[in-house]
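Residue-level listing of the chains:
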Amino acid sequence: MAIAQSIDKNPAELKDVPGWFPPLDQLLFTWFLERQEKGGFRGDLVELGVYMGKSAILLGQHRQDDEEFTVCDLFGGEAPDGANQAETAKSYSSLTRQAFERNYLSFHDTLPRVLEAPSSVISAEVKPGTCRFVHIDASHLYEHVRDDIGAARDLLLPEGIVVLDDFRSEHTPGVSVATWEAVLNRGLRPICLSTQKLYGTWGDPEPVQEELLAMLEERTDIGLSVQDAAGHRLVRTRANKGMQAPPFPHSRHYTPPEPQPPTAPAPPSVPAPRRPRSRARRIGVDLMPPILTRTVRRALANRSR
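Here goes a summary of the coordinates provided.

Reading the values: the criteria
- Residues numbered from 1 in each chain as written.
- Predicted model: local features only at pLDDT ≥ 70, side-chain atom pairs only at ≥ 80, totals over all residues.
- Heavy atoms only, no water.
- Helix = DSSP H or I, 4+ residues; strand = E, 2+ residues; numbered from the N terminus.
- Buried < 20%, exposed > 50% of the residue type's maximum accessible area, 1.4 Å probe, protein only.
- Contact = heavy atoms within 4.5 Å.
- Pairing = 2+ DSSP bridges.
- Right-handed = clockwise from strand over helix to strand, strands pointing away.
- Core = buried A, V, L, I, M, F, W, Y, C linked by side-chain atoms within 4.5 Å.
- Expected span 1.5 Å × (residues − 1).
- Axes fitted to C-alpha atoms, helices over the stretch in contact; angles between N-to-C directions.
- Left-handed = near helix turned anticlockwise from the far one by under 90°.
- Nonpolar A, V, L, I, M, F, W, Y, C, P; charged D, E, K, R; others polar.

1. Here's the deal with the side chain of Gln26
Part 1 of the argument: Of note, Gln26 is situated in helix α1 (residues 23–38).
Part 2 of the argument: Gln26 sits in the buried class, given a relative accessible area of 7%.
Part 3 of the argument: Not counting chain neighbours up to four residues away, the residues in contact with Gln26 comprise Leu14, Phe21, Lys54, Leu58, Ala245 and Pro246.

Shown next as structure tokens:
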């Protein structure tokens, strides 16, 4: 959780950047993006709502030559309406563009294209049909999410991927309504669901879904189930206990831990010396009762004659 992390310290690793981007979603982002790249699928990247930059940093790692990466966020600026302003003041009061840029530049040499504005400007700033991946994590209000989904549909290439954050959280019902409305009435096809995000496309989900299932079935750190609902195959995923995020390059501020001196081997164990038995125990005489002792001494004396 972001509140448990410092927002003033330069991050050494991706896990040091505040934000809600669990290992399962880091894995899914990486898998979808790498699948596109291996298949020669090119297109721009867009993120609506960046918070402190955690998912943007991962997305920036996958920007290919001649691709543009655009991020859009209010960064604490003027919201388009009162409800959005109240949401921003309550949940993102610590967000600043300076903090985002500092975190991003800890991992990358250059910034993405940054739009300090409401997400509603994205359709005018990015050409339609040019994107391969759009991540929506801006306002949680129904009207804004509905419009963000519409913008993503226009921006994406036919087989592009859209990711909708917080589609099932109890505190974001507006996202849930807008998401399932898009599935039922606006042509969005789910590919998979994580604990926080829905991954979908307006293209054919079956080829990518089959490849994803093959990958997931080989992993023991991810729980998997498949359900059918309203004509859609829903691939549900969850992280099992102990799941680790995929490897990611360290930031420029990373300092390797000091090497530990080698531990000297323990000396071989030496058995304790045996204590010599006492003369009385060796002879077996002095430990006897007095009467028997005299008898034995006399017998020993007669034997020696």
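2. A closer look at the pairing of strand β2 (residues 69–73)
Part 1 of the argument: Judged by how many residues are buried, β2 sits mostly within the fold: five of five residues are covered.
Part 2 of the argument: Because side chains alternate across β2, one face comprises the buried residues Phe69, Val71 and Asp73, and the other comprises Thr70 and Cys72, equally buried.
Part 3 of the argument: Here four bridges tie strand β1 (residues 44–48) to β2, and the two strands are oriented parallel to one another. Paired with Leu45 across the bridge in β2 is Phe69.
Part 4 of the argument: Handedness of the β1-helix α2 (residues 54–60)-β2 crossover: right-handed.
Part 5 of the argument: Direction of pairing for β2 relative to strand β3 (residues 113–116): parallel, over a ladder of four bridges. If you follow Asp73 over to β3, its bridge partner there is Glu116.

3. A closer look at the nonpolar core
Part 1 of the argument: Residues Phe29, Phe32, Phe100, Phe133 and Leu212 are the most contacted members of the largest nonpolar core, which totals 41 residues.
Part 2 of the argument: Put simply, the parts of the chain that give this core at least two residues each are α1, α2, β2, α4 (97–105), β5 (156–165), β6 (189–193) and α8 (206–217).
Part 3 of the argument: If one sorts the elements of this core by residue count, α1 sits on top with seven residues.
Part 4 of the argument: Grouped together as the second largest cluster of nonpolar side chains are 27 residues, Ile122, Ile149, Leu156 and Leu234 included.

4. A closer look at helix α7 (residues 173–185)
Part 1 of the argument: If you check α7, its first and last C-alpha atoms are 18 Å apart, about what 13 residues at 1.5 Å a residue would give, namely 18 Å.
Part 2 of the argument: Inspection of α7 places Gly174, Val175, Ser176, Ala178, Thr179, Ala182 and Val183 among the buried residues, and these make up the whole buried set.
Part 3 of the argument: Packing partners of the buried residues in α7 comprise α6 (142–155), β5, β6, β7 (197–201) and β9 (232–239).
Part 4 of the argument: Directly beyond the C-terminal end of α7, a positive phi value near 85° is found at Gly187.

5. Remarks on unusual backbone geometry
Part 1 of the argument: One non-glycine residue, Tyr51, adopts positive backbone phi at about 50°.
Part 2 of the argument: Here Tyr51 shows up in the loop between β1 and α2.
Part 3 of the argument: Classification of Tyr51 as buried rests on a relative accessible area of 13%.
Part 4 of the argument: Notably, Phe75 is not glycine yet its phi reads approximately 50°, a positive angle.
Part 5 of the argument: Here Phe75 shows up in the loop between β2 and α3 (82–91).
Part 6 of the argument: Note on Phe75: relative accessible area 6%, which makes it buried.

6. Overview of the packing of α6 against α7
Part 1 of the argument: At a minimum axis separation of 8 Å, α6 and α7 run at an interaxial angle of 35°. You can see that α6 and α7 cross each other, and the crossing is right-handed. Only Gly174, Val175, Val177, Ala178, Thr179, Glu181 and Ala182 of α7 make contact with α6, whose side of the interface consists of Tyr142, Val145, Arg146 and Ile149.
Part 2 of the argument: Its residues assigned to classes, the contact of α6 with α7 comprises seven nonpolar, two polar and two charged.

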